[in-house]
Amino acid sequence: MTNYQGLPDSLSLMLMSVSLLVAFWFSGPRDSGGGRVVAAIDSLSKRPWISLLLVFAVSLLTNLGLTLIRYPLPRIHDEFSYLLAADTYASGRLTNPTHPYWKHFETYHVLSQPSYMSKYPPGNGIFLALGQVTTGHPIVGSWLALALGIAATYWALRGWIHRRWALIAGLLLAINVPMLMAWGQTYWGGGVQLLGGSLLIGALRRITDRDRWPRPVWQYASLFACGAVILANSRPLEGFLLCGVAAIVLLRWLWKSPASDRINNLVQVALPSLLIGGIGIAGLAINNAAVTGRATQLPYSAHSKQYTATSMVIWNAMPPVPEYNLPAMEAFYRDWCRQRQLDAQTFAGYTALVSSKLQHLSHFYTFMGGLCLLPTLALIRRDRWLLFAVAVVLGLLLIEFQFVHSRTFPHYVAPVACLFYVAMFQSLRWLHAAGHSNRLARMVLPTIVVYSLLALIAYAVGNATRIESPNRSEIVELLEQEPGKHLVLVEYSPDHNVHREWVYNRADIDNAPIVWAHRLGPEADAPLLKHFADRNVWLWQADRGAEGLSQIEPPADKR
């Protein structure tokens with residue numbers, strides 16, 4: 001069995017045992033190695049800009065190293081959709097015209113009408129496009145987004161907890177295998193949402209704590225608004241909920257501020273928020289209009305109306321089943337997705353679903369199974385900001401647990417990840433302080449640090465030696481050895497796994513070196529073959545792997 005560390009459970013247990021032994025030595029007297037490391041971190045944390053750049057660089061270089069060991073390949077439906085968005089933006093367009101033979105190119109999480117584009121908000125696609133334009137590799141955009149997100153988390157935590165613990169948190173997150181694996185080495189994001197949430201949360205605390213952060217309010221309000229715009233363009237629903245809670249906190253702060261400062265504070269918060277927020281909303285409306293034809297309709301919403309056969313919330317009635325052109329898509333939306341909602345509407349199904357989501361998130365976000373969070377229960381009684389952080393995280397989780405998706409993937413709740421780390425590292429700080437008289441408490445932080453380093457090394461070695469399962473990249477390598485351009489007709493077996501889809505294309509389908517299309521039958525395929533008459537035509541029976549690829553002889557009149 002493998003956990004979210006990307007490691008077998010048996011290996012994780014072995015690494016934990018080694019970490020405990022090393023931590024036992026490190027947690028000796030105050031003048032031991034552990035004490036000297038903490039002192040060095042404390043000294044470095046007094047230089048915020050250097051610390052910020054260090055956290056950013058460690059995250060970026062770690063992702064670079066992991067990619068050099070094994071280049072990440074897209075596998076999940078969502079990743080191909082985000083890559084379409086990246087290719088579109090890199091080409092200087094907001095969307096692409098509907099292809100005349102669009103039924104051959106229909107695929108998951110992609111709109112074919114009224115235009116051809118990813119259904120997802122533009123935030124992650126923009127970062128991937130930045131990587132594609134600057135280096136030719138979209139994955140660089142994932143590195144950059146995650147490095148910025150972790151650096152922003154460090155900056156935010158400095159406003160909530162002691163600077164030393166903010167730096168410890170930033171460095172641990174920069175080498176955190178689940179975060180690197182899920183957000184830095186894939187194409188479906190997480191770093192963008194983390195960046196937006198951290199900017200908003202860090203600015204919120206600084207605005208409302210003027211004694212510690214005396215800079216002009218408008219500077220922090222500008223960062224607050226930037227965070228809100230990033231969330232609107234990456235996780236609109238969760239971002240809206242977080243912005244609503246933050247707005248209530250700001251209104252309370254304005255109400256309680258001295259009457260002589262109230263108008264000035266209101267202006268300094270409102271003007272940057274309205275200006276930056278207005279630009280962000282206008283940009284989102286322009287993108288909506290380009291993709292869906294309506295400034296008020298999100299591409300995600302347009303896609304749901306065309307394809308989705310379930311409701312968003314578990315307890316709502318399911319909508320009518322749309323008509324599908326492809327058997328695989330019908331099996332996915334009508335059979336698998338609808339059955340998932342029906343199962344979740346039972347008591348046993350719902351409890352199993354919530355349990356699965358909690359386990360999924362705990363593997364990603366917690367260190368040592370979350371045991372270090374136990375002091376939070378005592379600390380929230382005397383720290384109202386910590387109580388606020390815990391309440392917001394739990395509130396968003398409660399809402400997420402009402403949604404149909406089978407898992408709450410970590411990037412779904414990334415907007416509030418910073419608040420979760422506030423609770424975690426405040427608890428670690430308390431345990432470290434308790435370590436003056438308790439060696440077990442003193443062992444917690446060294447165990448986490450050592451385990452994080454060992455897990456990173458183990459993941460890198462495992463990734464280098466891992467045998468890839470058959471996928472589309474094998475076919476690409478074979479076709480790149482053949483002269484000319486290619487059209488690949490993809491055919492699935494009756495028992496095809498609906499979670500493995502290989503028909504995804506570049507933004508400019510007609511000029512792509514390889515075009516992937518569903519095989520719809522001789523009569524339906526004939527116009528498509530005529531349209532791509534200048535290409536080598538292949539049939540790929542995808543469920544047979546590379547052995548299922550064979551070249552189709554052109555018609556007699558084209559030989």
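Residues numbered from 1 in each chain as written. Predicted model: local features only at pLDDT ≥ 70, side-chain atom pairs only at ≥ 80, totals over all residues. Heavy atoms only, no water.

Participant: Sorry if this is basic, but what is going on with the overall build of the protein chain here?
Facilitator: If you tally the helices and strands in the protein chain, you get 22 helices and six strands. Each of the 559 residues in the protein chain was classed as buried or not, and the buried ones make up 54%. For the protein chain, long-range pairs separated by at least 24 residues make up 76% of all intrachain contacts whose partners lie at least 6 apart in sequence. Accessible area of the protein chain: about 25,500 Å², with a carbon and sulfur share of 65%. (Helix = DSSP H or I, 4+ residues; strand = E, 2+ residues; numbered from the N terminus. Buried < 20%, exposed > 50% of the residue type's maximum accessible area, 1.4 Å probe, protein only. Contact = heavy atoms within 4.5 Å. Areas by Shrake-Rupley, 256 points an atom, 1.4 Å probe, with all protein chains shown as cover.)

Participant: What's the story with unusual backbone geometry in this structure? I'm lost.
Facilitator: The general pattern is negative phi for most residues beyond glycine and trans for most peptide bonds. A cis amide bond, omega 5 degrees, links glutamine 113 with the succeeding residue proline 114. Relative to the helices and strands, proline 114 resides in the loop between β1 (110-111) and β2 (117-118). One non-glycine residue, histidine 109, lies in the positive phi region at around 65 degrees. With respect to the element layout, histidine 109 can be found in the loop between α4 (77-90) and β1.

Participant: Looking at this structure, how should I read the environment of isoleucine 448?
Facilitator: Secondary-structure assignment places isoleucine 448 in helix α20 (residues 444-465). Along the chain, isoleucine 448 and methionine 16 lie 432 residues apart, while their C-alpha atoms are 8.8 Å from each other.

Participant: Explanation requested: the side chain of threonine 107 in the structure shown.
Facilitator: With respect to the helices and strands, the residue threonine 107 is situated in the loop between α4 and β1. Among the polar contacts made by the side chain of threonine 107, one reaches the main-chain carbonyl oxygen of valine 503 at a distance of 3.0 Å. Beyond its immediate stretch of four places on either side in the chain, threonine 107 contacts Met329, Glu501, Val503 and Tyr504. (Polar contact = N/O pair within 3.5 Å; in protein donor to acceptor, adjacent residues only side chain to side chain.)

Participant: Is there a simple way to explain the environment of leucine 130 in this structure?
Facilitator: Along the chain, leucine 130 turns up in helix α5 (residues 122-135). In sequence terms leucine 130 and glycine 141 are 11 residues apart; their C-alpha atoms lie 5.9 Å from each other.

Participant: Any chance you could explain a nonpolar patch on the surface here in plain terms?
Facilitator: Taken together, the side chains of Met14, Val18 and Val22 define a hydrophobic patch exposed on the protein surface, amounting to about 230 Å² of accessible area. Locating valine 18 in the fold gives a position in helix α1 (residues 9-26). (Patch = residues over 30% accessible without salt bridge, like charges linked within 9 Å, V, L, I, M, F, W, Y side chains within 5 Å. Salt bridge = Lys/Arg side-chain N within 4 Å of Asp/Glu carboxyl O.)

Participant: Where do I start with the environment of leucine 241 in this structure?
Facilitator: Structurally, leucine 241 can be placed in helix α11 (residues 236-256). Relative accessible area serves as the criterion here: at 29%, leucine 241 is assigned to the partly exposed category. Taking the C-alpha atoms as reference points, leucine 241 and proline 415, separated by 174 residues in sequence, lie 9.8 Å from one another.

Participant: Help me out: how do you make sense of the packing of aromatic side chains in this one?
Facilitator: Here a ring pair, both rings aromatic, is described through the centre-centre distance and the interplanar angle of the planes. This structure, assessed with the given rule, holds 24 aromatic pairs. Residues tyrosine 365 and phenylalanine 420 carry aromatic rings whose centres are separated by 5.9 Å and whose planes lie at 55 degrees to one another, so their mutual orientation is tilted. Highlighted residues: tyrosine 365 in helix α15 (residues 347-365) and phenylalanine 420 in helix α18 (residues 417-434), separated in sequence by 55 residues. Assessed through its relative accessible area of 7%, tyrosine 365 is described here as buried. Considering the side-chain rings of tryptophan 516 and tryptophan 540, the 6.0 Å spacing of their centres and the 65 degrees angle between planes classify their relative orientation as edge-to-face. Of this pair, tryptophan 516 sits in strand β4 (residues 514-518) while tryptophan 540 sits in strand β5 (residues 536-541), and the two are 24 residues apart along the sequence. Among the aromatic side chains, those forming a connected cluster through ring pairs are Tyr108, Tyr307, Tyr324, Phe332, Tyr333 and Trp336. The cationic tip of arginine 206 hangs over the ring face of tryptophan 155; the distance from NZ or CZ to the ring centre is 4.0 Å. The ring of tryptophan 213 carries the charged tip of arginine 206 above its face, separated from the ring centre by 4.3 Å. (Phe/Tyr/Trp six-rings, centres within 6.5 Å; stacked < 30°, edge-to-face > 60°. Lys NZ or Arg CZ within 6 Å of the ring centre and 35° of its normal.)

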